[in-house]
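Examination of the molecular architecture
Residues per chain are reported as follows:
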Amino acid sequence: MKKGQEMQSNQRPIKFPPIGADTVPKLLRLRVRELGEKVFMRRKNLGIWKSYTFLQVYEQVRNICLGLLDLGLQEGETITIIGENELETFWTEYAALCARAKVVCVYPDTTPQELEFILDNSETVVVIAEDQEQVDKTLEVRAKLKRLRQIVYWDSRGMWHYNDPILMEFKEIQERGKKYGQKNPEIFDQKIDSGQRGDVAVLSYTSGTTANPKGVVMNHNFLLDNALRIFANLPIKKFTRYLSYLSPAWATEQWFGITLGLLAPFEINFPEEPETIQSNIRELGAALLVFGPRQWESLASSVQSHMLDAGSIRRFFYDLGLKVGYKIAAGETEGKPVNILWFLVFPFADQFILKPLRDNLGLKNCYLPISGGSAMAPDVFRFFHAMGIKLRNAYGCTEAGMFTTHMGNKFNLETLGSWYVSHRDIGPSFESKVTEEGELQVRGGAGFQGYFRNPEATRKAQEDGWFKTGDAVRMTDDGQLIYLDRVADLRQLSNGYKFPPQFIETRLRFSPFIKDAIILGDIEKPYVSALINIDAENTGKWAEKRGIAYSTFPDLSQNEGVRNLISQEIARVNQMLDLKARVKYSINLPKELDPDEAELTRTRKLRREFLEKKYGEMIQNIYGGSKEFLSEIPVKYQDGRTSVVKATVYINPVEPEHPGDSTI
Amino acid sequence: MKKEIQTASSSLAVDKVSLSFGKILVLNNVSFQVYEGEILSIIGPNGAGKTSLLNCLSGFYQPDTGRITYKGEEITKVAIHRRASLGIGRTFQGLQLFPGMTVLNNIMSGRHILMKTNFLQAFLHWPWVHREEIAHREVVEEIIDFLEMEAIRNEVVGNLGYGLRKRIDLARALALEPKILIMDEPMAGMNMEEKEDMARFIIDIEEFKSIPIILVEHDMEVVMDISNRIMVLDWGNVIAEGKPEEIRTNPAVIKAYLGEADEEVNHY
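Presented here is an overview of the structure given in this document. (Residues numbered from 1 in each chain as written. Chains lettered and ligands numbered in written order. Predicted model: local features only at pLDDT ≥ 70, side-chain atom pairs only at ≥ 80, totals over all residues. Heavy atoms only, no water.)

Here we come to the pairing of strand β3 (residues 48-53) of chain A. Moving residue by residue along a regular strand, the side chains alternate between the two faces of the sheet. Residues and elements named next belong to chain A. In terms of strand pairing, strand β2 (residues 39-45) meets β3 through six bridges, oriented antiparallel. Note that in β3 the partner of Arg 43 across the bridge is Lys 50. Linkage of β2 to β3, two consecutive antiparallel strands, is achieved through a turn of two residues, within which Leu 46 is found at a positive phi near 50 degrees. (Pairing = 2+ DSSP bridges. Helix = DSSP H or I, 4+ residues; strand = E, 2+ residues; numbered from the N terminus.)

Turning to unusual backbone geometry, a few remarks are in order. For the peptide bond that leads from A:Ala264 to A:Pro265, omega is -15 degrees, which places it in the cis range. Although it is not a glycine, A:Glu123 adopts a positive phi angle of roughly 60 degrees. In this structure, A:Glu123 sits in the loop between α4 (112-121) and β6 (124-129). Even without being a glycine, B:Glu148 presents a positive backbone phi close to 55 degrees. Tracing the chain through its elements places B:Glu148 in the loop between α5 (127-146) and α6 (162-175).

A cluster of like negative charges, contributed by A:Asp155, B:Glu138, B:Glu142 and B:Asp145, occupies part of the molecular surface. By the secondary structure assignment, B:Asp145 is in helix α5. Its relative accessible area of 35% is what places B:Asp145 among the partly exposed residues. (Patch = residues over 30% accessible without salt bridge, like charges linked within 9 Å, V, L, I, M, F, W, Y side chains within 5 Å. Areas by Shrake-Rupley, 256 points an atom, 1.4 Å probe, with all protein chains shown as cover. Salt bridge = Lys/Arg side-chain N within 4 Å of Asp/Glu carboxyl O. Lys, Arg positive; Asp, Glu negative; His and termini not counted. Charge placed at Lys NZ, Arg CZ, Asp CG, Glu CD. Buried < 20%, exposed > 50% of the residue type's maximum accessible area, 1.4 Å probe, protein only.)

On to the pairing of strand β8 (residues 213-216) of chain B, then. All names here are of chain B. Alternating residues of β8 divide into Ile 213 and Leu 215 and Ile 214 and Val 216, and every residue in both groups is buried. As paired strands, strand β7 (residues 180-184) and β8 are joined by four bridges and run parallel to one another. Bridge pairing links Met 183 to Leu 215 in β8. Between β7 and its parallel partner β8, the chain crosses via helix α7 (residues 192-209), and the hand of that crossover is right-handed. (Right-handed = clockwise from strand over helix to strand, strands pointing away.)

The next subject is the sheet that holds strand β25 (residues 514-520) of chain A. What holds strands together in a sheet is hydrogen bonding between their backbones, with the strands either parallel or antiparallel. All names here are of chain A. Taken in spatial order, the four strands of this open sheet run β25-β26-β27-β30, and their pairing is mixed. For this open sheet the edge positions go to β25 and β30 (652-653), each flanked by a neighbour on one side alone. For strand β26 (residues 528-534) and strand β27 (residues 583-588), the ladder comprises five bridges, and the chain directions are parallel. Bridge pairing links Ser 529 to Tyr 585 in β27. Contacting β25, β26 and β27, helix α16 (residues 501-509) runs over the sheet at an angle of about 160 degrees to β25. Contacts between helix α19 (residues 560-574) and the sheet are confined to β25, β26, β27 and β30, with β27 contributing the most and set at about 145 degrees to the helix. (Contact = heavy atoms within 4.5 Å. Axes fitted to C-alpha atoms, helices over the stretch in contact; angles between N-to-C directions.)

Let us look at the environment of A:Glu439. All names here are of chain A. Tracing the sequence through the fold places Glu 439 in strand β19 (residues 439-443). Under the relative-accessibility criterion, Glu 439 is labelled buried at 13%. Each C-alpha atom, one on Glu 439 and one on Asp 578, is 21 Å from the other, the two residues being 139 residues apart in sequence. With near-sequence residues (within four places) excluded, Glu 439 lies in contact with Lys 433, Val 434, Lys 468, Thr 469, Gly 470, Asp 471 and Val 487. Polar side-chain contacts of Glu 439 include one of 3.3 Å to the side chain of Gln 441. (Polar contact = N/O pair within 3.5 Å; in protein donor to acceptor, adjacent residues only side chain to side chain.)

In this approach the atoms are scanned with a rolling probe the size of a water molecule, which exposes any empty space left behind. Residues and elements named next belong to chain A. Counting across every chain of the model gives two cavities of 30 Å³ or more. Within this model, the largest cavity holds a volume of roughly 180 Å³. Forming the walls of the largest cavity are 18 residues, and the residues nearest its centre are Ala 375, Met 376, Glu 414, Tyr 483 and Arg 507. At the level of elements, α14 (378-386), β22 (481-486) and α16 are the ones that each hand at least two residues to the lining of the largest cavity. Among the elements that take part in the lining of the largest cavity, α16 stands out by supplying four residues, more than any other. (1 Å grid on protein atoms, 1.4 Å probe; cavity = no way out; pocket = protein on both sides within 12 Å on 5 of 7 lines; lining within 4 Å. Points joined across faces, edges and corners; volume = space filled by probe spheres on them.)

Moving on, we come to the packing of α4(A) against helix α5 (residues 132-141) of chain A. Residue and element names in this part refer to chain A. At their nearest, the axes of α4 and α5 sit 9 Å apart, and the two run at 65 degrees to each other. With respect to α5, the element α4 is oriented roughly perpendicular. For α4 against α5, the interelement crossing comes out right-handed. Listed contacts from α5 to Pro 112, Leu 115, Glu 116 and Leu 119 of α4 are Lys 137, Thr 138, Glu 140 and Val 141. Taken together, the residues of the contact of α4 with α5 break down into four nonpolar, one polar and three charged. (Parallel < 35°, antiparallel > 145°, perpendicular 65-115°, else oblique. Left-handed = near helix turned anticlockwise from the far one by under 90°. Nonpolar A, V, L, I, M, F, W, Y, C, P; charged D, E, K, R; others polar.)

Right, let's talk about the interface of chain A and chain B for a bit. In many reports, interface size means the accessible area that the parts give up when they come together. Tallying the contact residues gives 14 residues for chain A and 17 residues for chain B. When the buried area of chain A at its contact with chain B is split by residue, A:Leu46, A:Arg157 and A:Trp160 rank highest and sum to 45% of it. If you look at where chain A meets chain B, you find three salt bridges. Salt-bridge contacts for B:Asp204 lead to A:Arg157; the nearest nitrogen and oxygen are separated by 2.9 Å. Our count for the chain A to chain B interface comes out at three residue pairs in polar contact (both at pLDDT 80 or more). The class makeup of the residues in the side of chain A that touches chain B is two nonpolar, five polar and seven charged. (Buried area = accessible area lost by both parts, 1.4 Å probe.)

In short, geometric facts, not functional conclusions.
Here it is as structure tokens:
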């Protein structure tokens, strides 16, 4: 492997489709003209899937757009949408883009403080909120927002006695739009015509693991660039059944759902409720799914936990089928040699065991399952591949777009996949390099547009025209990347050894008994240790099976059997690591990590600095040589009350799996 | 947000109702009114006669003396199933669901009294039977949406937790489109989060459907939070009636609950 200023220019012959539009609204209008009566969106409401054709969606978008204009929305002003993925979310985004306004989408579980920062930073004038919960949050912080003129909501439940003049029902916007359109029939088309590819379309706020979120500017060119990258490099089929699940607050959904949804186009489906997603996937037979690693991991662990519950006969067949699946998948994807006998058994295993398994997960028709957002352990990919679900990783960043994905039939699971090629009309060709420090830098395509109202951060993120991703990677000889960690998160032990904490964490999380892991170790520490958040459900089941009695989460986590179990799981991961990077001691946290306490971000990434401060006492003890100690952890309940979890916490040495076997 | 209740429009009136089992006097000359658009809570220590009173209202028990009038008509002697079709809905303290059926079918059973199809027609499943079923299903789906039960629609009730079963019980009571809703300890055995959800639903029902709700509940925090008025029973006697803040400081109530008037009352 060569390091340093080696530049990668990704020239592969790729056929691009003609775009025919340089902004998202123009693309929408084009698709409506081509495919008017075709179904574009579907939503399950009152138990029935209801369809909307391109023309019907267009009609809605027009009314909402004109309604917003009637309310005085100016070009370049900002609209914020806060709610689950629903028809209204997409309609409103298209409508605001048609009006040449900027759009911010916010996660529905954002706290009022985060919301206030985003609304203020983005200069939002109108908030479109889903329901009472979101309206209440916005009302709570409105006093400090001088620009905010209107709060619109589309679910009127619980809103019957609100009479604040700043509030307006979504229906009223649509009604106003209709009337406005009768008086000004030309204006909607004029607005779309006047749109420029360089107009700012979306501000995507990055989750901010360390500081306040930053609003990444995305113009139309950038959105189209990324949708085109995906469309031209992956086998995307026309009218693919797509289930919109990732929040559009995340750039990935802006590219896949909002833009690619039009470009391909897709049939975009919206789940009835976030909780019904699993059964909705199955009803639909969704063909393209983009989930974060957390969702895939929880899907895998739900299969595993159901099988823990199953009877011995079922488990026998499941194990058998999966064994055959693993062998065949290893041959097909990773090119490993496979004994011919496995090919003979495979059709039976597939028909009677693996296919029903896929069907149960609702992934029978899924031709393109994708995991994106952060790194996922190869074991999780292998598990899905064994079931016959060809899960692929997608890698990119909000600021510079999609970088790589596992493409084709054969790919290396340890790497992040092959590079995307950008459309030549969009900008200079897309290039990448890895610096001396191991940081990935990219340039080309539509390019990084900067952070909104944050010139300092914008300047810091670039160097000689290259965008600094901040990701530590290793480049293989054929130009593919292996993701290690964030550069800032690579850590050095007191003996000078640099190790990637996230790399270890990702692999630990694959254990059904581990929900989260915080890997410790820095320049003052001689070895690596771990704080483990056990998976209460699976570990609880495991304990019940063995007749281990426990009362609460703290009790379960400190149970001797459970501690041994977790130690074994860590030892298994240790086998994959360099001797110096191995986890030596671990503690099972007596309390679950919770985004409401700011321990995790909304996408369930660890807030490391905060955690290391909060659990400082534990960290001291883990390196202090004691065997057990009494810990006190403050907790905050959802209703704002606080309390303290007190528990005796044990420090568990991670035994090597084969004692004496210390040279690997 | 608590609103002022129009005391003029009475929905249900109980006039000097007494009930005894053998020599035990369970209700002694109980009188009260339920007004349109209010949440009236009935509280009292164990054995105060709360459930017996509810059973008189819904017709399980016949009071020995006294009258119960509903929207101006006397219903003291009206049979239970007739009261249901008059629009008196109730939920139960113990769960009275069909554990082997799905959530959807349990709620559909609440539509029974509104169905016109008879047994034979249902068996033959003629087109109009099918149409009627769809119409009822629509109402039920709206209730499912209202009580946020989409994810458990097709689950068998026996597999669900206690908090959800309570919600299904409420959904079924709503399915008969009640004009007044009687709830017997809707929060018993629930955890904090389930209680908050249920309290929210009760307020939403009252606001959205504008029907009066009679609530029997032990959880004082919830009662004080969501009731417009509270009536306190002790040994079959009404010992107090009024707004939550009045009840909170009423010495007779404190005595009934704690035995001594000078003890701490902070646990409210």
